[in-house]
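# Tertiary structure, described
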Amino acid sequence: MIIAVVPGSFDPITAGHLDIIKRASDIYDRIIIGIVVNPSKKPLFSLEERLKMVKEEVAGNTAIEVDSFDGLLVEFVKMHGARVIIRGLRAVSDFEHEFQMAQLNRKLSPEIETIFMMASPEYTYLSSSIVKEISQYGGDVSGLVSPNIEALLRRALAKPGEGKELDGYNGPY
Ligand code: PNS
């Protein structure tokens, strides 16, 4: 049984993340999505919001579990009995940082392997930051995130006094 961890900020989770998660779950027996508690950038969504939204997105797949971590990724991986870290690569620009992280993680825990999956062509331009930016200026992010996340983005980015009522969304956050 090979367990793989898909770590990230997921602020918010995008169609690109979901594509990588789905493809990884077709290969590995079990996937643990690891949401980092304190990403380097201040997150738009709280940890609780990110945990809830990611759980909802993968609810249909019983081989996927969602958890959060604060501290070293390799410790989280070991705690879950996993031996693989999955990262998506979109463009060459991702490579340098990903290479550094993979090498550091290997130095910390040589028994853990980082596996890179190439983003599907339709998502090579997609990132959580770009989704937030488009949303902030009222642009259409359908197809880039799920309808649930679209609603959450509208609510999170609504200016005071605006966006209090969301069509078709009555969730708790
Ligand atoms: O979605 P992101 O922001 O690209 O994910 C980055 C993440 C969470 C994978 C990375 O920041 C991380 O692993 N953080 C945990 C701290 C850690 O283990 N650092 C040492 C290895 S670089």
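Look above for the structure.
Residues numbered from 1 in each chain as written. Predicted model: local features only at pLDDT ≥ 70, side-chain atom pairs only at ≥ 80, totals over all residues. Heavy atoms only, no water.

Rolled over the atoms, a probe as big as a water molecule pinpoints where empty space is left. Of the pockets and cavities examined, the largest pocket occupies roughly 1200 Å³. Broken down by secondary-structure element, the contributors of at least two residues to the lining of the largest pocket are β1 (3–8), α1 (15–27), β4 (84–89), α4 (92–108), β5 (113–118) and α5 (128–136). Taken together, the residues of the lining of the largest pocket sort by class into 19 nonpolar, 16 polar and seven charged. (1 Å grid on protein atoms, 1.4 Å probe; cavity = no way out; pocket = protein on both sides within 12 Å on 5 of 7 lines; lining within 4 Å. Points joined across faces, edges and corners; volume = space filled by probe spheres on them. Helix = DSSP H or I, 4+ residues; strand = E, 2+ residues; numbered from the N terminus. Nonpolar A, V, L, I, M, F, W, Y, C, P; charged D, E, K, R; others polar.)

Let's shift gears to the nonpolar core. If you look at the biggest cluster of nonpolar residues, it comprises 32 residues, and the most contacted ones within it are F10, I21, I31, I33, I35, V54 and I86. Going through the elements one at a time, β1, α1, β2 (30–36), α2 (47–57), β3 (64–69), β4 and α6 (147–157) are the ones with two or more residues in this core. Ignoring any residue separated from it by four or fewer positions in sequence, one finds I35 in contact with G8, S9, F10, L47, R50, L51, V54, V66, D67, S68 and F69. In terms of nonpolar packing, the next biggest core, distinct from the first, is built from twelve residues, I32, V36, V74 and F76 among them. (Core = buried A, V, L, I, M, F, W, Y, C linked by side-chain atoms within 4.5 Å. Buried < 20%, exposed > 50% of the residue type's maximum accessible area, 1.4 Å probe, protein only. Contact = heavy atoms within 4.5 Å.)

So, about the side chain of D94. One can find D94 in helix α4. A polar contact of 2.8 Å, which involves the side chain of D94, links it to the backbone nitrogen of R90. Dropping the residues within four chain positions of it, D94 is found in contact with G88 and L89. (Polar contact = N/O pair within 3.5 Å; in protein donor to acceptor, adjacent residues only side chain to side chain.)

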